[in-house]
Amino acid sequence: MSAALINALETIVSSSGSSSKNIISISRKLATASSAAGMQSFKLPDMPYDYGALEPTLSGEIMKLHHSKHHQAYVTNLNASLEKYRAAELSGNVAEMIALQQAIRFNGGGHVNHAIFWQNLAPKSAGGGVEPTGELASAISSRFGSFASLKQQMSASGASVQGSGWTWLGYNKATARLEITALPNQDPLSTVGLIPLLGIDVWEHAYYLQYKNVRPDYLAAIWNVINWTDVAKRFAAAK
Ligand code: MN3
């Protein structure tokens, strides 16, 4: 918690006096204090390309719904959950704080994961699908044997997710190795101690309108629009 927010909270608590148990009043003041302390609510990031720019690999209809409806819902619900959490924290309601953690994990993970996903993709005209070079290419070859093998293993990982989730290429700082890991729901890769480089969303909302039930076809096609320049930047920053 920032020093500015702590100061703001202390001001509220000291000015509330005997009425400090009025949670509704406090939470309203907290909303103002959070804003004053620079605690911004999360916002849906702009897309780095037009919704239709990834066609024919991913339809504009899928991309528009995925970004403007699904990702927006995670952002909206994350902000609502955090507002409730701050009120619970201010009133010392630990049970409520614990109860809100699942919603924060789910919606916060949804926001974090999709913010990476849009950057991990690029239209073919902007280099989408162009094979990585340099240090990332070397790391992929030494870890997975070849670039083709990485794609095959990651597609298999995504196909194996039961229900909804993601498959990730991550960096393990402790072992200095690349790792492929599938995670359920919206669990971010940080929950298993890895730094996310490339995430592929295998929720049905990511492909169903175009690929119907055939997730492996989506996982075979998406390599045409992967932004390896973005993945390489994340790799360089992670090391
Ligand atoms: Mn999604």
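The coordinates are above.
Counting starts from 1 at the beginning of each chain's written sequence and moves along it residue by residue. Local features in this predicted model are restricted to residues whose pLDDT is 70 or higher, and side-chain atom pairs enter the listing and the counts only when it is 80 or higher, whereas totals over whole chains, interfaces and linings include all residues. Side-chain measures here rest on the full set of heavy atoms in the structure, leaving out hydrogens and waters.

A. Focus on the coordination of the manganese ion. Coordinating N, O and S atoms are those within 2.8 Å of the metal (3.2 Å for Na, K and Ca), and as water is not part of the atoms, a site may appear to have fewer donors than expected. Distances from the manganese ion to its protein donors, H66 (NE2), H114 (NE2), D201 (OD) and H205 (NE2), fall within 1.9 to 2.1 Å. We note that the donor set of the manganese ion lies within a single chain, spaced as H-x47-H-x86-D-x3-H. By relative accessible area, which is 0% here, D201 ends up buried. Summary of the burial criterion: residues with accessible area below 20% of their type's maximum are buried, those above 50% are exposed, and those between are partly exposed, where the area comes from a 1.4 Å probe applied to protein chains only.

B. The arrangement of unusual backbone geometry in detail. A cis amide bond, omega 5°, links E55 with the succeeding residue P56. In this text, helices come from DSSP runs of H or I with a minimum length of four residues, and strands from runs of E with a minimum of two, each type numbered from the N-terminal end. Within the fold, P56 resides in the loop between α2 (23-36) and α3 (60-90). Positive phi is not limited to glycine here, since A176 has a value of about 55°. Along the polypeptide, A176 turns up in the loop between β1 (165-172) and β2 (177-184). One non-glycine residue, K212, lies in the positive phi region at around 50°. As for its placement among the helices and strands, K212 is situated in the loop between α7 (208-211) and α8 (215-221).

C. Structural view of helix α6 (residues 147-159). A helix's residues, less one, multiplied by 1.5 Å, set its expected span. Helix length check: α6 (13 residues) gives 18 Å between terminal C-alpha atoms against 18 Å at 1.5 Å per residue, within 8%. For α6, the full list of buried residues reads F147, S149, L150, M154, S155, S157 and G158. The secondary structure elements touched by the buried residues of α6 are α5 (134-144), β1, β2, β3 (195-201), α8 and α9 (228-238). Here, two residues are considered to be in contact whenever any of their heavy atoms come within 4.5 Å of each other.

D. Structural view of the packing of aromatic side chains. In this scheme Phe, Tyr and Trp rings, the latter by its six-membered ring, pair at centre separations within 6.5 Å, and the angle between planes marks the pair as stacked below 30 degrees, edge-to-face above 60, and tilted otherwise. A full pass over the atoms with the stated rule returns 10 aromatic pairs. Arranged with centres 5.2 Å apart and planes meeting at 75°, the rings of F147 and W228 form a pair that is edge-to-face. You can see F147 sitting in helix α6 and its partner W228 sitting in helix α9, a full 81 residues away along the chain. Of the two residues examined, F147 and W228, each falls in the buried class. Here the aromatic residues F117, W118, W166 and W168 are joined through ring pairs into a cluster of three or more.

E. Spatial organisation of the pattern of salt bridges. A pairing counts as a salt bridge when a side-chain nitrogen of Lys or Arg comes within 4 Å of a carboxyl oxygen of Asp or Glu. This structure, assessed with the given rule, holds 4 salt bridges. Residue R105 pairs with D187 through a salt bridge whose shortest N-O separation is 3.1 Å. One end of the pair, R105, is in helix α4 (residues 94-120); the other, D187, is in the loop between β2 and β3, with 82 residues separating them in the sequence. A salt bridge links E135 to K239; the shortest N-O distance between them is 2.1 Å. A residue pair is termed long-range when its members are at least 10 positions apart, and E135 in helix α5 and K239 in the segment after α9 qualify at 104 residues. Note on K239: relative accessible area 44%, which makes it partly exposed.

F. Broad picture of the packing of α3 against α4. Interaxial angle, 0 to 180 degrees, is taken between N-to-C directions of lines fitted to C-alpha atoms, where a helix line uses only the stretch in contact. The N-to-C vectors of α3 and α4 enclose an angle of 150°; their axes lie 8 Å apart at closest approach. The chirality of how α3 crosses α4 is left-handed. In terms of residue class, the contact of α3 with α4 is built from 16 nonpolar, 11 polar and 3 charged. In this scheme the crossing of two helices becomes right-handed for a clockwise turn of the near helix relative to the far one and left-handed for an anticlockwise turn of less than a right angle. Amino acids are sorted into nonpolar (Ala, Val, Leu, Ile, Met, Phe, Trp, Tyr, Cys and Pro), charged (Asp, Glu, Lys and Arg) and polar (every other residue, Gly among them).

G. Looking closely at the pairing of β2. Pairs of strands are assigned from DSSP output, requiring at least two bridges between the strands. In this sheet, β2 lies alongside β1 in antiparallel orientation, the contact comprising 8 bridges. Each bridged residue has a counterpart across the sheet, and for L169 the counterpart in β2 is I180. Hairpin connection, β1 to β2: the antiparallel pair is bridged by 4 residues, and A176 has positive phi, about 55°.

H. Geometry of α5. Burial in α5 covers these residues: L136, A139, I140 and F144. The buried residues of α5 occupy an angular sector of 100° when the element is viewed end-on, so they sit on one face. α5 presents E135 and S142 as exposed residues on the side facing more than 90 degrees away from its buried surface. On its buried face, α5 sits against α6, β1, β2 and α9. Working note: the arc is built from the helix axis to C-beta atom directions.

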